[in-house]
Amino acid sequence: MPPAPDAPPSPDLPSGVPDALLGEYAPFGNVALDDAERWPTLTPDGAAHLDALRHHPAAPVWVHATGDRLTADDLPVLAATARRFTEAAGAAKVAEAAEAAGDSDARTGTSHPATGCDVPAWVTDLVERAHTVVPRYRRARDQRRSHARSPLDDLPPVTRDDLRADLASFVPVDVDLSRVLEGTSSGSTGAAVVVPLHPVAVAADLALLRLLVRDAGATWEPHEDRLGLVNLVDQRAAFTYASAMTGFDAASGRAASDPAVPLMARVNLDPGAWRDPADRSTFLRGTDPQVLSSSPLPLLALADLDAREGLGLHPVAVVSGAAHLTPPARARLRAAWGVPVIDLYGLRETGAVASRADDGPFVVVPRRVWVEILSDDGTPVADGSPGEVVVTTDENPYLPLLRYRTGDRARIVRPHGPGGRVELHDLEGRSPVRYLHADGRWLGSVDATQVLQAAGIAAWQLHQRADGTIDLTVVPDAPAGAAPSGRGPGSAPGSGAADAAARALRQWIGRDVVVTVTTPARLGHGRARRYSSDVPGGQA
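Because the structure is predicted, anything quoted here is derived from the model rather than measured.

Topic: the overall build of the protein
Part 1 of the reasoning: Broken down by element type, the protein carries 14 helices and 22 strands.
Part 2 of the reasoning: A sequence separation of at least 24 residues applies to 67% of the contacts in the protein between residues at least 6 apart.
Part 3 of the reasoning: Carbon and sulfur atoms make up 52% of the accessible area of the protein, which amounts to about 23,200 Å² in all.

Structure, rendered in C-alpha cells:
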C-alpha cells in the first residue's frame with residue numbers, strides 16, 4: 001500500500017529520496033529486466049563501454065536502468081522511418097521551390113474545410129483503419145456516429161481526460177502488446193497519463209533529432225570518449241540512468257559501428273543526486289556530452305555551472321523542450337556554447353510536433369503529424385486565425401491519435417502554399433516557472449508536480465503571489481464517473497486529498513497555502529497553464 005499523502009519522511013528510504021511520497025525513486029526499485037533484454041543488439045564491446053560509464057568514478061547515484069529494447073528486426077524499420085523523415089523534409093522544400101516558381105502541381109485528396117488544404121493520405125488511411133481496429137472508433141462506427149470514410153473534421157476531438165478515463169479504447173486491437181514501453185505524461189493540468197510506447201517509435205525520436213541538428217547546421221557523429229547525449233533534470237528526485245543508443249546508426253543511415261555506439265545518460269543537476277557535490281562537475285567535464293537536452297531552466301543552470309566552474313563543455317547542439325524557451329534564454333544558451341539551440345514542441349502523447357532553431361515561428365516536423373487549429377467551440381478556423389492546437393499523429397502503433405487537443409494555442413501560416421512547410425506562430429505553451437521558498441531558495445515546478453501527484457491530485461493550478469503566499473486550485477483524483485476522493489460526512493467533495501496536498505506543499509515550500517477545490521470543467525480542458533508566479537524572477 002502506498003504511503004498516506006501526509007505521511008512523515010521515512011528514515012528507511014535510501015539516500016537521495018526526500019520523503020515517503022517519492023518512494024518510487026528508490027534506487028532500482030522498479031527494475032525488472034537484465035541488460036540483454038534492455039539492449040538485445042549490444043555486443044560485448046558495447047556493453048563494456050556502457051559498464052565503464054555506469055562505474056565512472058564521479059558518476060551520479062543511478063536510480064534506474066533502462067534500454068532502447070531494439071531488436072535486430074527493428075533496425076531496418078527504424079532506418080526506413082529515418083528515410084521517411086528525410087524524404088518528407090526534402091519534399092516540402094521541393095514544393096516550396098515549385099510554389100515560388102509558379103509551377104506547383106494540381107492538388108488532389110480530401111480538402112480541409114477551413115483551410116482548403118489537402119488532408120494527407122496517411123490521415124485518411126488512419127481514419128479508415130481506426131474504425132476497424134481501434135475500440136473507440138469501432139464503437140462509433142457501430143453506433144453510426146462516424147465511419148471509415150468520415151472526414152477528419154467530423155470526428156470529435158480527443159482530450160487528455162479521455163485518455164485517463166479509458167486508455168485501452170485508444171489502443172488498436174491488432175498490435176502485439178508484448179513490446180510495450182510505458183511513458184508517463186503529467187501534462188499542464190497535472191493529471192498523469194501512462195502512454196504505451198513502441199521501441200521503434202521511441203528510437204525514431206533520435207532519427208528526428210539528428211535530422212533537426214543537421215538542418216540547424218551542426219554535425220553529430222559519435223565519439224568514443226564522449227557521451228552522445230545527456231538529458232538533464234534539476235529537481236529533488238528523478239530517475240537517472242546510463243544507456244546505450246543502439247539505434248543511432250540505423251536512425252542516421254550510417255553503417256553499423258558498434259565500438260562507436262554512442263552512450264547517453266539522464267542526469268540530475270541537484271547536488272543531492274551525487275555522492276559528492278563536486279562529482280557533478282567532474283562527471284560532466286569528463287564525459288563532455290555532444291548534445292545537451294532538457295527544458296530551459298536546467299539548461300540555464302548548466303550554463304551557469306559551466307561558467308562558474310569552468311567545465312569546458314563544447315556540445316554540437318542544445319535541445320530545449322517541455323517548456324517555452326524565451327529569446328533571452330536562447331541568447332544565454334547560445335552565448336554559453338556557440339552552437340544551435342533547437343526548441344522542440346510536442347507532448348508525450350503525440351511525440352514531437354514542431355521545432356525551431358531561432359526565435360521565429362515553429363515549423364511542423366516531417367513526421368506523420370497533422371495540425372489543425374480549432375476555435376473555442378471546437379470548429380476549425382482558417383489559416384492565420386488563433387485557436388487551440390489539435391494534433392493527429394500515426395507514429396506510435398500503440399497510440400494513434402485523431403484530433404488530440406493539446407490545450408496550447410497558435411496560428412497556422414503556410415508561407416509557401418499548401419505543399420510547403422507549416423508554421424505555428426504565436427505558440428502559447430508551457431512557461432518555465434519556479435517558486436521561492438521561505439528560506440530564499442528557488443524550487444522547480446517539477447518538484448511541485450511530484451508532490452501533488454503523490455498526494456492524489458488529478459489536476460491543478462499553482463500560483464505564487466508577490467508576497468510568497470501559494471494559491472492552489474485542485475481537482476482531486478477519482479476514477480472515471482466516481483466522486484473525487486475525500487468525500488465524507490460534513491466534508492466537501494475532495495477536501496481530504498486537497499488538504500493533504502496543501503500540507504505537503506507547506507512542507508515543501510515553507511509558506512502559507514490557500515487551497516480551492518474545483519471541477520475539471522472550471523479548471524479547463526487540454527493543457528491549461530497550471531504554474532504561474534508574481535514573484536520577481538519566478539516566471540522565466
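What follows picks up the thread again.
Describing the pattern of salt bridges
Part 1 of the reasoning: In total, this model carries 23 salt bridges according to the counting rule given.
Part 2 of the reasoning: Where Asp394 meets Arg129, a salt bridge forms, and the shortest distance between an N and an O atom there is 2.9 Å. Of this pair, Asp394 sits in the loop between β14 (387–393) and β15 (401–413) while Arg129 is found in helix α4 (residues 121–133), placing the two residues 265 residues apart along the sequence.
Part 3 of the reasoning: Of the residues examined, Asp394 reaches a relative accessible area of 14% and is grouped as buried.
Part 4 of the reasoning: A residue is classified by how much of its surface remains accessible, and Arg129, at 33% relative accessible area, is partly exposed.

Comments concerning the side chain of Ser294
Part 1 of the reasoning: Of note, Ser294 is situated in strand β8 (residues 291–294).
Part 2 of the reasoning: A polar contact of 2.6 Å, which involves the side chain of Ser294, links it to the backbone oxygen of Leu232.
Part 3 of the reasoning: The residues contacting Ser294, other than those within four sequence positions of it, are Asn231, Leu232, Val233, Leu299, Val319, Ser320 and Gly321.

Some words on the packing of aromatic side chains
Part 1 of the reasoning: Per the stated rule, a full pass over the model turns up six aromatic pairs.
Part 2 of the reasoning: On the basis of an interplanar angle of 75 degrees and a centroid distance of 6.1 Å, the ring pair of Trp62 and Phe283 is categorised as edge-to-face. Highlighted residues: Trp62 in the loop between α2 (44–54) and α3 (74–100) and Phe283 in helix α9 (residues 279–287), separated in sequence by 221 residues. The pair Trp62 / Phe283 is uniform in exposure class, with both members buried.
Part 3 of the reasoning: Plain terms: the ring middles of Trp220 and Phe248 are 5.1 Å apart, the flat faces sit at 75 degrees to each other, and that makes the pair edge-to-face. Taken as a pair, Trp220 in the loop between α7 (199–215) and β5 (229–233) and Phe248 in helix α8 (residues 248–252) lie far apart in primary sequence, 28 residues in all.

Points about the sheet that holds strand β7 (residues 263–268)
Part 1 of the reasoning: The twelve strands lie next to each other as β6-β7-β5-β8-β9-β10-β11-β12-β16-β15-β14-β13, forming an open sheet whose pairing is mixed. Sheet topology places β6 (241–244) and β13 (369–374) at the edges, where each strand pairs with a single neighbour. On average, adjacent strands in this sheet sit at an angle of 35 degrees to one another, irrespective of strand direction.
Part 2 of the reasoning: Bridge count for strand β10 (residues 341–347) against strand β11 (residues 351–356) is five bridges, and the pairing is antiparallel. The residue of β11 that forms the bridge with Gly346 is Ala352.
Part 3 of the reasoning: Of the strands in this sheet, β13, β14 and β15 are in contact with α4, which crosses β14 at around 75 degrees.

Points about the environment of Gly419
Part 1 of the reasoning: With respect to the secondary-structure elements, Gly419 resides in the loop between β15 and β16 (423–428).
Part 2 of the reasoning: Taking relative accessible area as the criterion, Gly419 reaches 44% and is therefore assigned partly exposed.
Part 3 of the reasoning: Separated by 325 residues in sequence, Gly419 and Val94 place their C-alpha atoms 8.8 Å apart.
Part 4 of the reasoning: Setting aside its immediate chain neighbours within four residues, Gly419 contacts Ala92 and Ala95.

Brief notes about the packing of helix α10 (residues 296–309) against helix α11 (residues 327–337)
Part 1 of the reasoning: Interaxial distance between α10 and α11 falls to 10 Å at its minimum, and their mutual angle equals 35 degrees. Crossing angle aside, the handedness with which α10 passes α11 is left-handed. Together, Leu299, Leu300, Leu302, Ala303, Asp304, Asp306 and Ala307 of α10 and Ala329, Arg332, Leu333, Ala336 and Trp337 of α11 make up the contact between the two elements.

Topic: the nonpolar core
Part 1 of the reasoning: Grouped together as the largest cluster of nonpolar side chains are 41 residues, with contacts concentrated most on Tyr345, Val371, Val389, Leu402 and Leu424.
Part 2 of the reasoning: Non-local contacts of Val371, meaning those with residues more than four positions away in its chain, are made with Val353, Val364, Val389, Val390, Val391, Ile412 and Leu424.
Part 3 of the reasoning: Judged by nonpolar contacts, the second largest core, of 35 residues, contains Leu53, Leu263, Leu284 and Val318.

Some remarks on α7
Residue pairs spaced three or four apart in an α-helix point in one direction, given the helix's 3.6 residues per turn.
Part 1 of the reasoning: Taking 1.5 Å of rise per residue, the 17 residues of α7 would be expected to cover 24 Å, and the 25 Å separating its terminal C-alpha atoms lies within 8% of that figure.
Part 2 of the reasoning: Burial of α7 is extensive: 13 of the 17 residues sit out of reach of the surface.
Part 3 of the reasoning: Downstream of α7 by a residue or two, Gly217 has a phi angle that is positive, lying close to 95 degrees.

With respect to the packing of α4 against helix α5 (residues 135–142)
Two numbers describe a pair of packed helices, the interaxial angle and the distance between the axes.
Part 1 of the reasoning: Where α4 contacts α5, the axes come no closer than 6 Å and their chain directions differ by 85 degrees. If you check the angle between α4 and α5, you find them roughly perpendicular. Of the residues in α5, those in contact with Ala130, His131, Thr132 and Val133 of α4 are Pro135, Tyr137, Arg138 and Arg141.
Part 2 of the reasoning: Within the contact of α4 with α5, the residues separate by chemical class into four nonpolar, two polar and two charged.

Re the confidence of the model for the protein
Part 1 of the reasoning: This prediction gives the protein a mean pLDDT of 83; 80% of its residues lie at or above 70.
Part 2 of the reasoning: This model gives residues 1–26 a pLDDT under 50, and the stretch forms 43 contacts once residues within four places in sequence are excluded.
Part 3 of the reasoning: Here residues 478–493 is a poorly scored stretch, pLDDT under 50, and it has 21 contacts once near neighbours within four places are set aside; other chains count.

Notes on the side chain of Glu388
Part 1 of the reasoning: The topology assignment puts Glu388 in strand β14.
Part 2 of the reasoning: Every residue in contact with Glu388, bar those within four places of it in the chain, is listed here: Glu372, Ile373, Leu374, Arg405, Thr406, Gly407, Asp408 and Arg409.

Some words on unusual backbone geometry
Part 1 of the reasoning: Phi at Arg69 takes a positive value of approximately 60 degrees, unusual for a residue other than glycine.
Part 2 of the reasoning: Within the element layout of this structure, Arg69 appears in the loop between α2 and α3.

What to know about α2
Part 1 of the reasoning: Within α2 the residues assigned to the buried category are Gly46, His49, Leu50 and Leu53. An end-on view of α2 places all buried positions within 95 degrees of arc, on one side of the element. Away from its buried face, by an angle of more than 90 degrees, α2 presents the exposed residues Pro44 and Asp45.
Part 2 of the reasoning: For α2, the elements touching its buried residues are β6, β7 and α9.

The rules we used
Numbers given for residues are sequential positions, taken from 1 along each chain in its written order. At least 70 in pLDDT is required for a residue's local features to be given in this predicted model, at least 80 for side-chain atom pairs to be given and counted, and no such filter applies to totals for whole chains, interfaces and linings, which use all residues. For side-chain calculations, the full set of non-hydrogen atoms in the structure is used, while hydrogens and water are omitted. Strands are runs of DSSP state E lasting at least two residues, helices are runs of H or I lasting at least four, and both sets are numbered from the N terminus onward. In this analysis, two residues are considered to be in contact whenever any of their non-hydrogen atoms come within 4.5 Å of each other. The accessible surface values rely on the Shrake-Rupley method and a 1.4 Å probe; as for residues, cover is taken only from the protein chains in view. In what follows, salt bridge is the name for a side-chain nitrogen of Lys or Arg lying within 4 Å of a carboxyl oxygen of Asp or Glu. Note on classification: 1.4 Å probe, protein chains only; a residue is buried when its accessible area is under 20% of the maximum for its type, exposed when over 50%, partly exposed between these limits. Contacts described as polar in this section are N or O atom pairs within 3.5 Å, which, within protein, must combine one atom able to donate a hydrogen with one able to accept it, while residues neighboring in sequence count only if both atoms come from side chains. Aromatic rings from Phe, Tyr and Trp, taking only the six-membered ring of Trp, are treated as a pair when their centres fall within 6.5 Å; an angle between ring planes under 30 degrees marks them as stacked, one over 60 as edge-to-face, and anything in between as tilted. Two strands are counted as paired when DSSP detects at least two bridges linking them. Axes here mean lines fitted to C-alpha atoms, for a helix over just the part in contact, with angles spanning 0 to 180 degrees between N-to-C directions. The handedness criterion is simple: a crossing whose near helix is rotated anticlockwise from the far helix by less than a right angle is left-handed, and one whose near helix is rotated clockwise is right-handed. To form a nonpolar core, buried Ala, Val, Leu, Ile, Met, Phe, Trp, Tyr and Cys residues must be joined to one another through side-chain atoms within 4.5 Å. Every helix has an expected span of 1.5 Å times one less than the residues it contains. Small angles under 35 degrees read as roughly parallel and large ones over 145 as roughly antiparallel, with 65 to 115 read as roughly perpendicular and the rest as oblique. The residue classification treats Ala, Val, Leu, Ile, Met, Phe, Trp, Tyr, Cys and Pro as nonpolar and Asp, Glu, Lys and Arg as charged. All others, Gly included, are polar. pLDDT is a per-residue confidence score from the predictor, ranging from 0 to 100. The arc in question is the one spanned by the directions pointing from the helix axis to the C-beta atoms.

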